[in-house]
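# Observations on chain architecture
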Amino acid sequence: MLLILFLLQLGIIASAAAGHQTMTIRRRVQEESPLATCDPKQHQCRCQDNDNDHDLQGRRSIRVASFDIHCLRLRRNADAFESIANITIELECLGYNELHEEILADAKLKTGYYDGFMFGPFLTGEMVKVGGLHDLTPYVQQGGAYDLRWNDMFRFNREHAAVYDNKVVMIPLDGDVLSFFYRKDLFEKYDKQPPKTWEEYTELAKFFHGKVEPLPGSSSNETVTLSGSCVGRKFRCQEEHWIILILSSMTQHTGTKTGFLFDTSNMEPLLGEAFVETIRFTEEQFAYGADNEMEGCFDSTNIAKMNSGQCAMTYGWGDSFTEGAKGPPTSFVSGLIGTAQTPGSPVYLDRLSQKLAQCTGATCSCKGDDAASTNACLNVAPYTAFTGWSGAVSSFSSKYRQDDTTDFFAYASSPEVSLFDTIPNITGGAPFISVDPFRVSHTNAQDWIDAGLPADSVVSYLETIKEQQSDPNAVIDIRIPQTPAFLDELKVVMNEHIIKINEKKLQGLTGDDLFSSEEEKWEVERKLRAKWKALIASYDRENSQNLLEIYQRSLGIYAPTYNNQDLSKIRPVGLTLCCILLVTSLGFACWTFLHRRNNIIKVSQPLFLYTFCFGCFVLGSSIIPLSIDDSTTSVSGASKACMAFPWLVSIGFTTSFAALFSKIWRVVRVMKSSMAMRRVEVKYTDVLGPFVVLLTMNLVLLLVWTILDPMKYERTYSPQTLESVGSCQSSGNVWKYCVSFIFVINFIAIIAANVLAYKGRNIGSDFVESKWIMLCTASIFQVMLIGAPLMALVSENVVASYFVSAILVFVIGESILLFIFLPKLYETKTRTGSSKSSKNVKISMPSVTPSTRERKSAFPSSRDSVEQRESGAQLKDSVVQGEAELGGE
């Protein structure tokens, strides 16, 4: 009773210790929908009854979660839509982290607590993994409702941002793309043009840095010392986007679907020389940046420094323009901010060599005449950082709620409604809404000018946004599981590096003394690469669907690969052989136990017979892990099966064969003692020696193999043939030595056993069974002699290798069992008792060629005849006595 109470307490504690997000969802569902008293008319409970799709007044209702900054906008949209559609919208405003934790927990639990949510697309991969996003493709194909006008969306938003695995899974409510922002008055004053490359950006930052200029909007002669570049680099405060902005200009050069962070053919991180250059540009920008960049975020550095007139240029989202267009005290540079595309790159990263190469029209996404030219050109890759807030519908909500939620997001995204949210209120101190254009209709400059925004600035801003959002090489942020983990590793390594540069900057160092060496930059690259590859390997081990496939699906380029070496058809054959061998082993073990008092079993020693059965059982069970691949379990499980197979084969074979070796060694030893006319007692400890030595050597080699160079399951893909092959592979060369030594040791043991079996071939006692042991060892020798080269020939073909391995295991196991046990089965059937068995012992003496001395008399004397008869009798008694002493109870 105490034990039961203790277990119940443990269960309560475990339940209370579940994740915060999961408990939050559960608590809400339980509070609002108690299972015992659920009444749709009194509670908003989730029953299958359609009445739960309505509120207490009988109107349909939906629940939507949103980031608190956007709640003002969505509440206004919800109020208007409620009166149009006659539904009730319950809006929950959550903090950034809480929002994404809540909706992911809801999807994992499949509770359908939220009918829809306005969320960051970085979570898309996780949501799709748990099946949490409702497919909106049919809705969009049918034209939608409430003036959705899908084709009015920017090309990037409708073809990439809203789509995952070629399905529409969200409706854009925001359009994010990073642009270059600069002080037009300063650039005109010094006759400067927006930078086309990152080298030019550095030169401009160096030029403006430290210049003393009049403070914009000041009625006095107040001046300000300029910072050449203002980019917030506070740790874990969106700083990863600035790194990716530079990196992607070199890593993505042939279209959005080629990706920028990982190679779409093998998931290799796209770093190399491109990342080393990214570090260099970041260091140079930091050297000519604002003093407090390490303490500031996007809003307090990129925006605030520019709006206060202290900065010559920066880059960021459209908020830099919309906030800068407001009047004092929000901004003192209204009308002075110009917008242009972010810099491009004259070089691109070759994904195979990880080295930089010169861009041409054939290799990069170039503009204008350069696009069709073989001359050098600039790769342009606008970065849609964060991708833009979007509305999605839960897969676990009822159909009615899904339809109503989709209609609501379509209404909020419609041109007229969303335009009102996109054009900022330029009154100083107005709320920060943070909605960037995501439709073509949003780029009508007159609408913005009518709202009071400066005409010149508006035109350059809208044209830049429109051009970047329509670029076929626009960069989309990664949307795969573990996205936060990948980005966090990037933040960590870069923050550690920039801190070192900052320490030098605070010491007053400049120029080459301030910047890191090439080796230091490469060390950062190697560190990040190792961390990312570890994340990929860890995910692939724990999940059946690998990250490469998910990454391809997120870009819409996944094509199901043909597994040209699939085990599904041949696996039943292997498992059938496994079952036969296991049943045979168990059957003979049971038979031995039932006949343990029979003289034939006693003389054959039950311990050895049980050992044969156990060894063959373990050997046969090795076919089970051999049959496991990533189609039956996770990659991690398949990797464990990879190492389980050699362990089971080695232990099973060694156990069976060592017992066989000990048995034939015992027989030969007894025969030799009988030939010498002396009696010998062979103990169990004498025959266990070979067994222990052989097993120990195999186990040591297996342990070394497992620790130093374990096999792991890997699936390789061929993008050219769309084929994939999964197999067990080791990363080093240790396994080759271990396998070679294991094979050599066991092969030598087999040869030795065959030699011993040959020596004892003429002992014809029914109990000694030397003939059957010799046949058994000979068959094993033949199997290994043929099987080893055959395995080498089929090693590249997974199916053939599986079939040959299963056959070899089966033949070896059955050979041992059948040659050892079938003669005994026959003898027990033909002999009626132990007495009869002992009287019918036949000894076939080895033929001995008479020597010269023995040829003196062709006819032996009566004395010689008596001695020979006594010698034969003594041999017979010694053999049987030796057997009986070992097999006796």
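Let us look at the structure shown here.

Of regular secondary structure, the chain possesses 31 helices and 19 strands. Here the chain, with 889 residues, has 52% of them falling under the buried criterion. Counting only carbon and sulfur atoms, one obtains 57% of the accessible surface of the chain, whose full area is about 39,700 Å².

Moving on, we get to the sheet that holds strand β2 (residues 87-94). The mixed open sheet is built from 5 strands, whose spatial order is β2-β1-β3-β15-β6. Unpaired on one side and paired on the other, β2 and β6 (171-172) mark the two borders of the sheet. By the bridge criterion, 4 bridges tie strand β3 (residues 116-119) to strand β15 (residues 390-393) in an arrangement that is antiparallel. Residue pairing for β15: Phe 117 is matched across the bridge by Ala 392.

Note that the residue after Pro 328, namely Pro 329, is joined by a cis bond; omega there is 5°. Mapped onto the elements of the fold, Pro 329 is located in the loop between α13 (319-324) and β11 (337-340). Phi at Tyr 146 takes a positive value of approximately 55°, unusual for a residue other than glycine. Among the structural elements, Tyr 146 can be located in the loop between α6 (137-141) and α7 (155-161). Positioned with a positive phi, Asn 166 is a non-glycine residue whose angle comes to about 65°. Its place among the elements puts Asn 166 in the loop between β4 (163-164) and β5 (167-168). The partly exposed category is assigned to Asn 166, whose relative accessible area is 48%.

Moving on, we come to the packing of aromatic side chains. Going through the model one piece at a time under the given rule, you end up with 38 aromatic pairs. Ring plane angle 85° and centroid distance 5.7 Å describe the contact between Phe 262 and Tyr 551, whose orientation is recorded as edge-to-face. Of the two residues, Phe 262 sits in the loop between α10 (239-251) and α11 (272-287) while Tyr 551 sits in helix α20 (residues 547-555), which places them 289 residues apart along the sequence. The same class applies to Phe 262 as to Tyr 551, namely buried. Among the aromatic residues, ring-to-ring pairing joins Phe 180, Tyr 182, Phe 187, Tyr 190, Trp 198, Tyr 201, Phe 207, Phe 208, Trp 242, Phe 298, Tyr 315 and Trp 317 into one connected group. Seen from the ring of Tyr 113, Arg 63 lies directly overhead, with NZ or CZ sitting 4.0 Å from the centre.

The next point concerns the pattern of salt bridges. Working definition: two side chains of opposite charge can pair if their charged atoms are close together. Evaluation of the coordinates by the stated rule reveals 33 salt bridges. A salt bridge links Arg 280 to Glu 284; the nearest nitrogen and oxygen atoms lie 3.2 Å apart. Within this pair, Arg 280 and its partner Glu 284 are both found in helix α11, separated by 4 residues, close to a single helical turn. Classification of Arg 280 by relative accessible area gives partly exposed; the value is 24%. Bridged by salt links that share partners, the residues Glu 199, Glu 277, Arg 280 and Glu 284 form one connected network.

Before going further, it helps to spend a moment on the state of the cysteines. Following the criterion strictly, the structure yields 6 disulfides and no others. One disulfide bridge connects Cys 71 with Cys 93, the sulfur atoms lying 1.8 Å from each other. One quick way to see it: the torsion about the S-S bond of Cys 71 and Cys 93 is about -120°, and its sign makes the bridge left-handed. Of this pair, Cys 71 sits in helix α3 (residues 71-85) while Cys 93 sits in strand β2; the two residues are 22 residues apart in sequence, bridging distant segments of the chain. The class for Cys 71 is buried, based on a relative accessible area of 7%. The side chain of Cys 642 participates in a disulfide bridge whose partner is Cys 728; the two sulfur atoms lie 1.9 Å from each other. In this structure, the disulfide formed by Cys 642 and Cys 728 twists by about -75° around the S-S bond and is classed as left-handed. Taken together, the residues span a long stretch of sequence, with Cys 642 in helix α25 (residues 635-675) and Cys 728 in strand β19 (residues 723-729) at a distance of 86 residues. Take Cys 728: its relative accessible area is 37%, and that puts it in the partly exposed class. In this model Cys 578 remains outside any disulfide bridge; the closest cysteine sulfur is found in Cys 579, 5.3 Å from its own. By relative accessible area, which is 2% here, Cys 578 ends up buried.

What follows covers the sheet that holds strand β10 (residues 313-316). Spatially, β10-β7-β11 is the arrangement adopted by the 3 strands of the open sheet, whose pairing is antiparallel. Two strands lie at the open edges of the sheet, namely β10 and β11, each paired on one side alone. For this sheet, the mean angle separating the axes of adjacent strands, direction not counted, is 30°. Direction of pairing for strand β7 (residues 179-183) relative to β11: antiparallel, over a ladder of 4 bridges. Note on β11: the bridge partner recorded for Tyr 182 is Gly 338. Relative to the sheet, helix α9 (residues 198-208) contacts β7 and β10, its axis offset from that of β10 by approximately 135°. Contacting β7, β10 and β11, helix α12 (residues 298-307) runs over the sheet at an angle of about 140° to β10.

With that out of the way, let us pick up the nonpolar core. Side chains of nonpolar character tend, in soluble globular proteins, to be buried together. Counting residues in hydrophobic clusters, the biggest one holds 123 residues, and the most contacted among them are Phe 117, Phe 275, Phe 408, Phe 486 and Trp 532. Those residues within four positions of Phe 486 in sequence are excluded, and the remaining contacts are Phe 262, Ile 478, Ile 480, Pro 481, Trp 532, Leu 535, Ile 536 and Leu 547. Counting 59 residues, the second-largest nonpolar core is a separate cluster that includes Leu 609, Ile 623, Leu 695 and Ile 773.

Under the 1.5 Å per step criterion, the end-to-end length of helix α27 (residues 734-759) is 38 Å for 26 residues, consistent within 8% with the ideal 38 Å. Residues of α27 that are buried include every one of Cys 738, Ile 742, Ile 745, Asn 746, Phe 747, Ala 749, Ile 750, Ala 753, Asn 754, Leu 756 and Ala 757, and no others.

Turning next to the side chain of Asn 502. Structurally, Asn 502 can be placed in helix α18 (residues 483-506). When neighbours within four sequence positions are excluded, Asn 502 is seen to be in contact with Phe 286 and Met 294.

Turning our eyes to something else, we now look at a nonpolar patch on the surface. A contiguous nonpolar surface patch, about 460 Å² in accessible area, is contributed by Val 700, Leu 703, Val 704, Ile 707 and Leu 708. Position of Leu 708 relative to the elements: it lies in helix α26 (residues 684-708). Owing to a relative accessible area of 58%, Leu 708 belongs among the exposed residues under this scheme.

Quick look at the packing of α10 against α18 now. Their axes nearest at 9 Å, the elements α10 and α18 cross at an angle of 90°. As judged from the angle between their axes, α10 and α18 are roughly perpendicular. Here Glu 239, Glu 240, Ile 243 and Ile 244 of α10 come into contact with α18, specifically with Leu 487, Leu 490, Lys 491 and Met 494. Residue composition of the contact of α10 with α18, by class: 5 nonpolar, no polar and 3 charged.

Judged from the 8 bridges that link them, strand β1 (residues 60-67) and β2 form a sheet pairing that is parallel. Bridge pairing in β2 places Val 64 opposite Leu 91. Regarding the hand of the β-α-β motif, the stretch spanning β1, α3 and β2 is right-handed.

Reading the values: the criteria
Residues numbered from 1 in each chain as written. Predicted model: local features only at pLDDT ≥ 70, side-chain atom pairs only at ≥ 80, totals over all residues. Heavy atoms only, no water. Helix = DSSP H or I, 4+ residues; strand = E, 2+ residues; numbered from the N terminus. Buried < 20%, exposed > 50% of the residue type's maximum accessible area, 1.4 Å probe, protein only. Areas by Shrake-Rupley, 256 points an atom, 1.4 Å probe, with all protein chains shown as cover. Pairing = 2+ DSSP bridges. Phe/Tyr/Trp six-rings, centres within 6.5 Å; stacked < 30°, edge-to-face > 60°. Lys NZ or Arg CZ within 6 Å of the ring centre and 35° of its normal. Salt bridge = Lys/Arg side-chain N within 4 Å of Asp/Glu carboxyl O. Disulfide = S-S within 2.5 Å. Axes fitted to C-alpha atoms, helices over the stretch in contact; angles between N-to-C directions. Contact = heavy atoms within 4.5 Å. Core = buried A, V, L, I, M, F, W, Y, C linked by side-chain atoms within 4.5 Å. Expected span 1.5 Å × (residues − 1). Patch = residues over 30% accessible without salt bridge, like charges linked within 9 Å, V, L, I, M, F, W, Y side chains within 5 Å. Parallel < 35°, antiparallel > 145°, perpendicular 65-115°, else oblique. Nonpolar A, V, L, I, M, F, W, Y, C, P; charged D, E, K, R; others polar. Right-handed = clockwise from strand over helix to strand, strands pointing away.

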